[in-house]
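Reading the structure
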Amino acid sequence: MNERQTVILPGATLGVLGGGQLGRMFVHAAQAMGYFTAVLDEDAASPAGLVSHHHIRTGYEDPQGLATLARACAAVTTEFENVPAAALDTLARSLPVSPAGSAVAIAQDRAREKAHFVQCGVPVAPHAVIETAAQLAAVPADLLPGILKTARMGYDGKGQVRVATPAELAGAWEQLGRVPCVLEKMLPLAHECSVIVARGRDGTVVHLPVQRNLHRDGILAVTEVYEGNLPPAQTSQALVAAKSVADGLNYVGVLCVEFFVLQDGTLVVNEIAPRPHNSGHYSQNACDVSQFELQVRCMTGLPLVQPRLHSPAIMLNLLGDLWFTGDQPVAPTPPAWDAVLALPGCHLHLYGKVEAKRGRKMGHLNITGATPEAVRATALQAAALLG
Ligand code: ADP
Ligand code: MG
């Protein structure tokens, strides 16, 4: 036990389950601080595997792969939400794992996640869990119109159907294969926001500034962060709620808590991600500590110091659609990065994905500047150049 409380210093090897872009940016942060890295992901061309010192090419549940990772590393984290919690539990028998499998298991299941929010006293959307035909038939009429969401494996708006009537609800549950679902009442959103918190082994919690987010087609498109991006009451409510969600999980690691802000100003927690999050990417260029450095600090037991925003920022997601022209199935071509990078305060992050596909997250652009107005003007110019 004592051994687990020891700080893991640079020179050690840190492991990550999952080889996506979040893993890649974790690897970059860990390496910048002098750690060695190991990535477990079966894809030979995974964005994180391509830049890591070690790449273990197996599935998440492969006992040999997990054993190799455990032998190579001093501590392990995860970047992919749907890593089986059992894999984290297996690793935790031989080395520190953060976040814990138990916390990840809750974040992986919308029904358990909602129950956790309720337990923490955090406001949630009116909802009903649907696992049986009887529960389907018993859904209160005032939850409609609503959104039926699969309890597990949803992301970027996938596994969701909007329903207005009991008949549509029944049809949607059929369409989703009668798997366990959560029906949420459709809420009148004014906007969406999120906050990244980092909680250490000793219970210290620090946070990044609250982010204001714009989604398109269920996928994050734009994040805006600057002093005054949200009314102060919403900012403080979001911070209090995020802290109680993390404390309630006895969480160790980086956690993103997403919120809806309703048209009457009410804040409602939407969901959590047990890892760094797309909406926290601006921290790479606009904060003195990025969300990926926070992940390194949490898993190694290094001190958590409250991050500071040193510039207003806008993050633009770069989806694979930008590589295509119009609706024509022409050969994909990369956007004109040189023109974008001629604008002030543009920081390009590309994930090294081999193939551009529509809707695929290929990278992001962090824009910093002296004032929110200057950043917004640059963001509009960048968006126009990207087409
Ligand atoms: P995902 O796991 O795919 O991110 P979310 O539950 O966050 O799923 O839903 C994706 C987006 O759909 C949200 O960011 C929001 O824009 C919209 N949405 C989801 N639930 C509701 C709701 N109850 N009322 C209104 N809009 C919603
Ligand atoms: Mg979401």
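Preceding block: the structure.
One structure accompanies this document, and this report is about it. Not measured: the values here are computed from a predicted model.

This brings us to the nonpolar core. The biggest cluster of nonpolar side chains holds 24 residues, and the ones touching the most others in it are C193, V245, L255, V257, F259 and I272. Elements that contribute at least two residues to this core include exactly α5 (101-107), β9 (189-199), α9 (232-248), β13 (253-262) and β14 (267-273). Setting aside residues no more than four positions away along its own chain, V257 makes contact with C193, S194, V195, A242, V269, E271 and I272.

Now for the packing of aromatic side chains. Per the counting criterion, the structure on display carries two aromatic pairs. With a centroid separation of 5.7 Å and an interplanar angle of 25°, the aromatic rings of Y60 and F80 are classed as stacked. Remark: F80 occurs in the loop between β4 (75-78) and α4 (85-92) and Y60 occurs in the loop between β3 (54-56) and α3 (63-72); sequence separation between them is 20 residues. F80 sits in the partly exposed class, given a relative accessible area of 34%. Judged by centre distance (5.7 Å) and plane angle (65°), the rings of W323 and W337 are edge-to-face. Placement of the pair is W323 in the loop between β15 (313-319) and α12 (337-341) and W337 in helix α12, with a sequence separation of 14 residues. In this pair, the class of W323 matches that of W337, namely buried.

Okay, the sheet that holds strand β8 (residues 181-185) next. If you walk across this open sheet you meet the four strands as β5-β8-β6-β7, and the pairing is antiparallel. The outermost strands of the open sheet, each flanked by one partner alone, are β5 (127-130) and β7 (160-163). Pairwise comparison of adjacent strand axes, ignoring direction, gives a mean angle of 20° for this sheet. Sheet topology places β5 next to β8; four bridges connect them, and they run antiparallel. Bridge assignment links H127 to a residue of β8, and that residue is E184. Of the strands in this sheet, β5, β6 (146-150), β7 and β8 touch helix α6 (residues 110-119), which is tilted by about 50° from β8. In the packing of helix α8 (residues 166-175) onto the sheet, contacts are made with β5, β6, β7 and β8, and the angle to β7 comes to roughly 165°.

For the structure shown, the criterion picks out zero disulfides. Lacking any disulfide linkage, C256 is separated from the closest cysteine sulfur, that of C193, by 9.8 Å. For C256, a relative accessible area of 0% corresponds to the buried category. Cysteine C298 is unpaired, with the sulfur of C256 as its nearest cysteine sulfur at 14 Å.

Next up on the list: the sheet that holds β3. Pairing between sheet strands relies on hydrogen bonds along the backbone, with the strands arranged either parallel or antiparallel. Pairing is parallel across the open sheet formed by four strands, whose spatial order is β3-β2-β1-β4. Two strands close off the open sheet at either side, each with one partner strand: β3 and β4. With direction set aside, neighbouring strand axes in the sheet form an average angle of 25°. In the sheet, strand β1 (residues 13-17) pairs with strand β2 (residues 36-40) via five bridges, with the strands oriented parallel. When the bridges of β2 are listed, T13 appears paired with F36. Helix α2 (residues 21-32) rests against β1, β2 and β4 of the sheet, and its axis sits at about 170° to β1.

Here the amide bond leading from S98 into P99 is cis, since omega sits at 0°, within 30 degrees of zero. When you line up the elements, P99 lands in the loop between α4 and α5. The omega torsion of the bond from L144 to P145 falls at -5°, within 30 degrees of zero and hence cis. Checked against the element boundaries, P145 lands in the loop between α7 (133-137) and β6.

The next subject is the packing of α2 against helix α11 (residues 291-300). Running from N to C, α2 and α11 cross one another at 70°; their axes reach a closest spacing of 8 Å. On the basis of their axis angle, the class for α2 and α11 is roughly perpendicular. Contacts from L22, M25, F26, A29 and A30 in α2 reach F292, E293, Q295, V296 and M299 in α11. Of the residues that constitute the contact of α2 with α11, the class distribution is eight nonpolar, one polar and one charged.

Thresholds, definitions, all that
- Residues numbered from 1 in each chain as written.
- Chains lettered and ligands numbered in written order.
- Predicted model: local features only at pLDDT ≥ 70, side-chain atom pairs only at ≥ 80, totals over all residues.
- Heavy atoms only, no water.
- Core = buried A, V, L, I, M, F, W, Y, C linked by side-chain atoms within 4.5 Å.
- Buried < 20%, exposed > 50% of the residue type's maximum accessible area, 1.4 Å probe, protein only.
- Helix = DSSP H or I, 4+ residues; strand = E, 2+ residues; numbered from the N terminus.
- Contact = heavy atoms within 4.5 Å.
- Phe/Tyr/Trp six-rings, centres within 6.5 Å; stacked < 30°, edge-to-face > 60°.
- Pairing = 2+ DSSP bridges.
- Axes fitted to C-alpha atoms, helices over the stretch in contact; angles between N-to-C directions.
- Disulfide = S-S within 2.5 Å.
- Parallel < 35°, antiparallel > 145°, perpendicular 65-115°, else oblique.
- Nonpolar A, V, L, I, M, F, W, Y, C, P; charged D, E, K, R; others polar.

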